[in-house]
Amino acid sequence: MSLQVKIINQSTNPLPHYATSGSSGMDIRANLESPITLQPLERTLVPTGLFIELLEGFEAQIRPRSGLAIKQGITCLNTPGTIDADYRGEIKVILINLSKEEQLIQHGDRIAQMVIQKVEQVSWHEVEALSETERNAGGFGHTGKI
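Residue numbers run consecutively from 1 along every chain, following the written order of its sequence. Side-chain atom pairs in this predicted model are given and counted only at pLDDT of 80 or more, local residue features only at pLDDT of at least 70, and totals for whole chains, interfaces and linings cover all residues. Calculated side-chain values reflect all of the structure's heavy atoms, with hydrogen atoms and water omitted.

(A) Looking closely at the overall build of the protein. If you tally the helices and strands in the protein, you get one helix and eleven strands. Helix numbering and strand numbering both begin at the N terminus, where a helix is a DSSP run of H or I of at least 4 residues and a strand a DSSP run of E of at least 2. Each helix and strand of the protein, placed in order from N terminus to C terminus, yields the pattern β-β-β-β-β-β-α-β-β-β-β-β. What the globule rule says is 2.2 Å times the number of residues to the power 0.38, and the radius of gyration is computed from C-alpha atoms. Scaling as 2.2 N^0.38, a compact globule of 146 residues should have a C-alpha radius of gyration of about 15 Å, whereas the protein reaches 19 Å, well beyond that. The buried label applies to any residue whose accessible area, calculated with a 1.4 Å probe on protein chains only, is under 20% of its type's maximum; exposed applies above 50%, and partly exposed to all values in between. In the protein, which comprises 146 residues, the proportion classed as buried is 33%. Within the protein, residue pairs in contact and separated by at least 24 positions form 70% of the contacts whose partners lie at least 6 positions apart. For the purpose of charge, His is not counted, nor are the chain termini; Lys and Arg are scored as positive and Asp and Glu as negative. Positions of charges follow a simple convention, taking NZ of Lys, CZ of Arg, CG of Asp or CD of Glu. Across the protein, the mean location of the 13 positive side-chain charges is 8 Å away from that of the 17 negative side-chain charges. By the convention used here, residues are in contact when the closest approach between their heavy atoms is within 4.5 Å.

Below, the structure is given as structure tokens:
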């Protein structure tokens, strides 16, 4: 079973697709009129030419590509980036160059991956106390064993 999602592709790139039958994410590509040179520690917003209409109760998450991160030091900021079901604008990806060299991003480069996830909305129930657990308020490394 697959979820059908409406998409507009204003780029010359192929639609996002799963590379293998076991893939969770679909590669998305840069839609550029001219290449972008990213200096070390510089960030930029990269357009994709993609517009989607998600069903209510779903989100699209934009995540880094591991190959781009290890080979070029480029990753996504605000990760995972959330695209809400009611957003209809162009999908754009915030990239940062964490390497020591300038990096070139060209039209059609695979810049991130997109994962579609089901999400739940909550309603808050305000209380005076929470139940106790073995961990309780311990956090930030508290569960690590020496």
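(B) Up close: empty space enclosed by the protein. Only protein atoms enter the 1 Å grid used here, on which a cavity is any set of points holding a 1.4 Å probe that cannot leave and a pocket is any open set flanked by protein within 12 Å on both sides along at least five of seven lines; residues with an atom within 4 Å of a point are listed as lining. Grid points are joined across faces, edges and corners, and a volume is the space filled by probe spheres set on the points. Tallied over the entire structure, the rule returns one cavity of 30 Å³ or more. Lining the largest cavity we find Ser11, Asn13, Pro14, Leu15, Pro16, Asp27, Ile28, Arg29, Thr48 and Leu50. The leading source of residues in the lining of the largest cavity is strand 2 (residues 26-29), at three residues.

(C) Expanded view of the UniProt feature "binding site: substrate" (unreviewed entry) in the protein. According to UniProt, the "binding site: substrate" (unreviewed entry) feature falls on Arg65, Ser66, Gly67, Asn78, Thr82, Ile83 and Asp84. Spatially, the listed residues are scattered: they cover 20 residues, and their C-alpha atoms lie as much as 26.4 Å apart. Secondary-structure assignment places Asn78 in the loop between strand 7 (74-76) and strand 8 (81-83). On the basis of relative accessibility, which here comes to 57%, the residue Asn78 falls in the exposed class. With a relative accessible area of 44%, Thr82 lands in the partly exposed category. UniProt positions are given in the numbering used here, feature names are shortened, and annotations may be inferred rather than shown by experiment.

(D) Spotlight on the sheet that holds strand 7. Think of it this way: DSSP has to see at least two bridges between two strands before they count as a pair. Strand order in the open sheet made by the three strands is 4-9-7, with antiparallel pairing throughout. Pairing within the sheet leaves two strands with one partner each, and these edge strands are strand 4 (43-47) and strand 7. Taking each pair of neighbouring strands and ignoring which way they run, the sheet shows an average axis angle of 35°. Where strand 4 meets strand 9 (residues 92-97), five bridges bridge the pair, whose relative direction is antiparallel. In the sheet register, Pro47 faces strand 9, and the bridge partner there is Lys92. Working convention: axes come from line fits to C-alpha atoms, limited for helices to the stretch in contact. Angles between N-to-C directions cover 0 to 180 degrees.

(E) Quick look at the pattern of salt bridges. One speaks of a salt bridge when a side-chain nitrogen belonging to Lys or Arg is within 4 Å of a carboxyl oxygen belonging to Asp or Glu. Tallied over the entire structure, the rule returns three salt bridges. A salt bridge links Asp27 to Arg65, with the nearest nitrogen and oxygen atoms 3.2 Å apart. Here Asp27 is found in strand 2, whereas its partner Arg65 is found in the loop between strand 6 (58-63) and helix 1 (66-72), with 38 residues between them in sequence. Looking at Asp27, the relative accessible area reads 18%, which means it is buried. Classification of Arg65 by relative accessible area gives buried; the value is 15%. Where salt bridges share partners, they join Asp27, Arg65 and Arg110 into one cluster.

(F) The arrangement of the packing of aromatic side chains in detail. Think of it this way: a Phe, Tyr or Trp ring, Trp meaning its six-membered ring, pairs with another when their centres are within 6.5 Å, and the plane angle makes it stacked under 30 degrees, edge-to-face over 60, tilted otherwise. Applying the stated criterion across every chain yields a total of zero aromatic pairs. We note Lys118 situated over the ring of Phe58; from NZ or CZ to the ring centre the distance is 5.2 Å. Any Lys NZ or Arg CZ that is within 6 Å of a ring centre and within 35 degrees of that ring's normal is treated as a charge sitting over the ring.

(G) Summary view of the sheet that holds strand 8. Strand order in the open sheet made by the four strands is 2-11-6-8, with antiparallel pairing throughout. Two strands lie at the open edges of the sheet, namely strand 2 and strand 8, each paired on one side alone. The sheet shows a mean angle of 35° between the axes of neighbouring strands, direction not considered.

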